[in-house]
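Report on the structure
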Amino acid sequence: MYLHISPEGADHILDEMPATDFFQPARLEDMLRKTGETVQATDNQLAGSFFGTSLCNLCITKLYFLSAYNKVLDLSLEHLTFQIDYEEGHGHAHLGYKINELIAQDIPAENGEAFVLADWEQFIVTAVRPAVEAIASAASMKPEMIWQQFGGLAGMMMEFVHAMQLPEQVKEGFNYHFKLLTESISTEVFSRKRNPFQWTRRYVANPLKPDENWVMRSSCCLFDRRVDGTKCYVCPRMTPEEREVRAKEMLESIPS
């Protein structure tokens, strides 16, 4: 998985803004429009979906940092620049963040779990939740359309980590911190009825490699909201009949 979050930032910047400008409606709407234009989006909801799930990517980055380095990474919005990375011929823009100030704290030996949970709660309440709500408002969509995607993206990261050649200690650490994130943070922190990271992973077979499965998304990413747009192969809204047709198309596209 490529999360597009680093101190170096993007190579092909279409536009960028301080991440705190998520709370500047006019600037945010301009960025949504520019992103949508790169894929001929029919409205701002597609870009809003991608902007919103970039916040999930921040959470996933913090999660990996906890498991790999035993450190809490500070990804407060005031330390970040939000970037639209777009290169002609790549099909669509990549959304990510340049980390302007790299700040990390060691997890203390005593009360480490409480320390990590307190950081999660502060990050979600002060950064993720208000940004999701601001993006949803600017894109004329419900916040749930963003939140519901978090579980699937986190599940994809779980699969990715376990497929990588990483030390078992890192994989076990990821399992531990993933469980904390999904089971130990109250729903009130997210201001919703359930923790959005709680999701039972579902799979579809990879038509190009029958012995391999792909993780389904937990909710539609709205990539079909563009001119001649179609659903992703792992979209939960795709019917079995639609997926069968798409699988056939994918197989027929393989050079003979």
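This write-up is about the structure you can find in this document. (Residues numbered from 1 in each chain as written. Predicted model: local features only at pLDDT ≥ 70, side-chain atom pairs only at ≥ 80, totals over all residues. Heavy atoms only, no water.)

Some words on the pairing of strand E7 (residues 203–206)
- As judged from the four bridges shared by E7 and strand E8 (residues 209–215), these two strands associate in the antiparallel manner. Looking across to E8, one finds that Tyr203 is bridged to Val215.
- What sits between E7 and E8 in their antiparallel hairpin is a turn of two residues. (Pairing = 2+ DSSP bridges. Helix = DSSP H or I, 4+ residues; strand = E, 2+ residues; numbered from the N terminus.)

Regarding the packing of aromatic side chains
- Counting across every chain of the model gives eleven aromatic pairs.
- Judged by centre distance (5.7 Å) and plane angle (90°), the ring pair of Trp147 and Phe190 falls under edge-to-face. Residue Trp147 is found in helix H4 (residues 144–147), and its partner Phe190 is found in helix H7 (residues 187–190); the two are separated by 43 residues along the sequence. Residue Trp147 shares its accessibility class with Phe190, and that shared class is buried.
- Of the aromatic side chains, those joined through ring pairs into one cluster are Phe22, Phe51, Phe82 and Tyr97.
- In this structure, Arg226 is placed above the aromatic ring of Phe223, and the distance from its NZ or CZ to the ring centre is 3.8 Å.
- The lysine or arginine in question, Arg243, covers the ring of Tyr233, its NZ or CZ lying 5.7 Å from the ring centre. (Phe/Tyr/Trp six-rings, centres within 6.5 Å; stacked < 30°, edge-to-face > 60°. Buried < 20%, exposed > 50% of the residue type's maximum accessible area, 1.4 Å probe, protein only. Lys NZ or Arg CZ within 6 Å of the ring centre and 35° of its normal.)

What to know about the sheet that holds strand E4 (residues 80–85)
- Reading across from one edge, E1-E5-E4-E2 is the order of the four strands in this open sheet, with mixed pairing throughout. Taken across any chain shown, the strands that pair with only one partner, and hence form the sheet edges, are strand E1 (5–6) and strand E2 (13–18).
- Looking at chain direction, E1 and strand E5 (residues 94–99) are connected through two bridges and run parallel. From the neighbouring strand, Ser6 faces E5, where its bridge partner is Lys98.
- Against the sheet, helix H2 (residues 45–69) contacts E1, E4 and E5, and its axis sits at roughly 45° relative to E5. (Contact = heavy atoms within 4.5 Å. Axes fitted to C-alpha atoms, helices over the stretch in contact; angles between N-to-C directions.)

Comments concerning the pattern of salt bridges
- For the coordinates displayed, the defined rule picks out 14 salt bridges.
- A salt bridge links Lys34 to Asp15; the shortest N-O distance between them is 2.5 Å. With Lys34 in helix H1 (residues 25–37) and Asp15 in strand E2, this pair connects stretches of sequence that are 19 residues apart.
- Judged by relative accessible area, Asp15 falls into the buried class, the value being 13%.
- We note a salt bridge from Glu242 to Lys231, for which the minimum N-O separation is 3.5 Å. One end of the pair, Glu242, is in helix H8 (residues 240–252); the other, Lys231, is in the loop between E8 and H8, with eleven residues separating them in the sequence.
- By relative accessible area, which is 33% here, Glu242 ends up partly exposed.
- Beyond isolated ion pairs, a larger network of salt bridges with shared partners links Asp15, Arg27, Asp30, Arg33, Lys34 and Glu37. (Salt bridge = Lys/Arg side-chain N within 4 Å of Asp/Glu carboxyl O.)

Some details on helix H3 (residues 112–138)
- Its 27 residues give H3 an end-to-end C-alpha distance of 38 Å, which sits within 8% of 39 Å, the value for a rise of 1.5 Å per residue.
- Ile124 marks where H3 bends most, by close to 45°.
- Directly beyond the C-terminal end of H3, a positive phi value near 55° is found at Ser140. (Expected span 1.5 Å × (residues − 1). Bend = angle between axes of the 7 residues up to and from the residue.)

Some thoughts on the environment of Tyr64
- Checked against the element boundaries, Tyr64 lands in helix H2.
- Separated by 180 residues in the primary sequence, Tyr64 and Glu244 place their C-alpha atoms 35 Å from one another.

Observations regarding the nonpolar core
- Counting 69 residues, the largest nonpolar core has Phe22, Phe51, Leu55, Leu58, Tyr97, Trp120 and Phe150 as its most contacted members.
- It is H3 that provides the largest number of residues to this core, a total of twelve residues.
- Once residues lying within four places of it in the same chain are set aside, the contact partners of Leu58 are Ile5, Leu75, Leu77, Leu80, Tyr97 and Phe123. (Core = buried A, V, L, I, M, F, W, Y, C linked by side-chain atoms within 4.5 Å.)

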